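# Geometric and topological summary
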Amino acid sequence: MTVAGLRVAVLASGSGSNLQALLDAAREPEAGFRIVLVISNRPDAGALARAGRAGVPTTIIGSDGRDAGELVALLQGARAELVVLAGYLKLVPPEVVAAFAGRMLNIHPALLPAFGGPGMHGRRVHEAVLASGARLSGPTVHLVDARYDQGRILAQWPVPVAPGDDPDALAARVLEAEHRLLPAVVRAWARARTHRGTDAQTHRGGAPPTLGFSAPALGPCAALPASFDEAFA
Ligand code: GRF
């Protein structure tokens, strides 16, 4: 049976826990989206196994991920309307970014614009947050444009830095928030698309859809919404 919904392609290089969160969310009634293709530059990426278990087609691309023509052809062949970078460790070639302008998201494990940019990924991000003495961290979902980690921010979720945190402890707390934030954004994107009656063509080169929520204001922990659900209700 064909299930309608926003067609989402995911690029991932690692364990794929964010991909798993998307796969799980896509199975929910009224999800409004489905994962149609998972692409990785690493044959041993856990993300590929997760996609395989969910029955989602996978493709392994050259390890440097530089073949723009191949990537665009794969994404267009899958009729992807939205492309999500979920732990994708290669720079996406500018031609691919241009082909999916306004329709490509990335999740970053810190509160951009701080702690982003070239070389800031994985453990390094959390080390930098701890070294700065920041009291808050948390994931950011943003549009991908030609500049590293600088595309428009769509959503963020503040996560407290606890006294005595090491990079692993902080990463684990942030990752938990990632697993809720990323599906929330994709669901909202799917809803926005449905309301506008749009398709891939309409979004091409145009403004991204207006999502149903904006980033929660950052403030002292005490002022944060009591729960994620409350903030995104
Ligand atoms: C996440 O922390 C994400 O923010 C970053 O890479 C990590 C991927 O983790 N871009 P996973 O492969 O989804 O578990």
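Residues numbered from 1 in each chain as written. Predicted model: local features only at pLDDT ≥ 70, side-chain atom pairs only at ≥ 80, totals over all residues.

### Some points on the pairing of strand 7 (residues 140-143)
We count it as follows: Being paired, for any two strands, means DSSP has found at least two bridges between them. Only DSSP runs of H or I reaching four residues or more are called helices, and only runs of E reaching two or more are called strands; each is numbered from the N terminus.
With 4 bridges connecting them, strand 5 (residues 104-108) and strand 7 associate as antiparallel partners. For N106, the partnering residue across the bridge sits in strand 7 and is H142. As defined by bridge partners, strand 7 adjoins strand 8 (residues 153-156) across 3 bridges and the pair is classed as antiparallel. The residue of strand 8 that forms the bridge with V141 is A155.

### Things to note about the nonpolar core
Among soluble globular proteins, nonpolar side chains are generally buried collectively. Stated formally: By our criterion, buried Ala, Val, Leu, Ile, Met, Phe, Trp, Tyr and Cys residues that link up through C-beta atoms within 7 Å make up a nonpolar core. Exposure criterion: with C-beta atoms placed from backbone coordinates, a residue whose C-beta has 20 or more other C-beta atoms within 10 Å is buried, one with 12 or fewer is exposed, and one in between is partly exposed. We call two residues in contact whenever the C-beta atoms placed from their backbones are within 7 Å.
With 61 residues, the main nonpolar core has V8, V10, L22, V38, V84, V185 and V186 as its most contacted residues. In this view, V10 contacts L19, L22, I35, V38, V84 and A86; residues no more than four positions away in its chain are not counted.

### Focus on the site of the ligand
This is how the line gets drawn: For each residue, a C-beta atom is positioned from the backbone; the residue is called near a molecule or strand if that atom sits within 6 Å of it. Three classes are used: nonpolar for Ala, Val, Leu, Ile, Met, Phe, Trp, Tyr, Cys and Pro, charged for Asp, Glu, Lys and Arg, and polar for all others, with Gly counted as polar.
Around the ligand there are 14 residues in total, and G14, S17, N18, G87 and P109 lie nearest to it. Of all the secondary structure elements, the ones that give two or more residues to the shell around the ligand are helix 1 (17-26), strand 5 and helix 6 (167-196). In the shell around the ligand, the residues fall into 6 nonpolar, 7 polar and 1 charged.

### Brief notes about the pairing of strand 1 (residues 6-11)
Each regular strand carries side chains that alternate between the two faces of the sheet. We count it as follows: Classification remark: right-handed applies to a crossover when, strands pointing away from the viewer, the course from the first strand over the helix to the second runs clockwise.
Of all 6 residues making up strand 1, 6 are buried, and the element is well covered by its neighbours. Side chains L6, V8 and V10 of strand 1 all project onto a buried face; the interleaved residues R7, A9 and L11 project onto the opposite face, where all are buried too. Inspection of the sheet shows strand 1 paired to strand 2 (residues 33-40) by 6 bridges, in the parallel sense. Bridging from a neighbouring strand, R7 pairs with R34 of strand 2. In this region the chain leaves strand 1, passes through helix 1 and returns to the parallel neighbour strand 2; the handedness of that crossover is right-handed.

### What about the packing of helix 1 against helix 2 (residues 46-53)?
So the rule is basically this: Comment: axis = line fitted to C-alpha atoms, over the contacting stretch for helices; angle = value between 0 and 180 degrees taken between N-to-C directions. Each angle receives one of four descriptions, namely roughly parallel if under 35 degrees, roughly antiparallel if over 145, roughly perpendicular if within 65 to 115, and oblique otherwise. Less than a right angle of anticlockwise turn of the near helix away from the far helix marks a crossing as left-handed, whereas a clockwise turn marks it as right-handed.
Direction vectors running N to C along helix 1 and helix 2 enclose 15 degrees, while the axes themselves pass 9 Å from each other. Taken together, the axes of helix 1 and helix 2 are roughly parallel relative to one another. Two packed elements cross with a definite hand, and for helix 1 against helix 2 that hand is right-handed. Taking contact as the criterion, the partners of L19, Q20 and L23 in helix 1 are, on helix 2, A47, R50 and A51.

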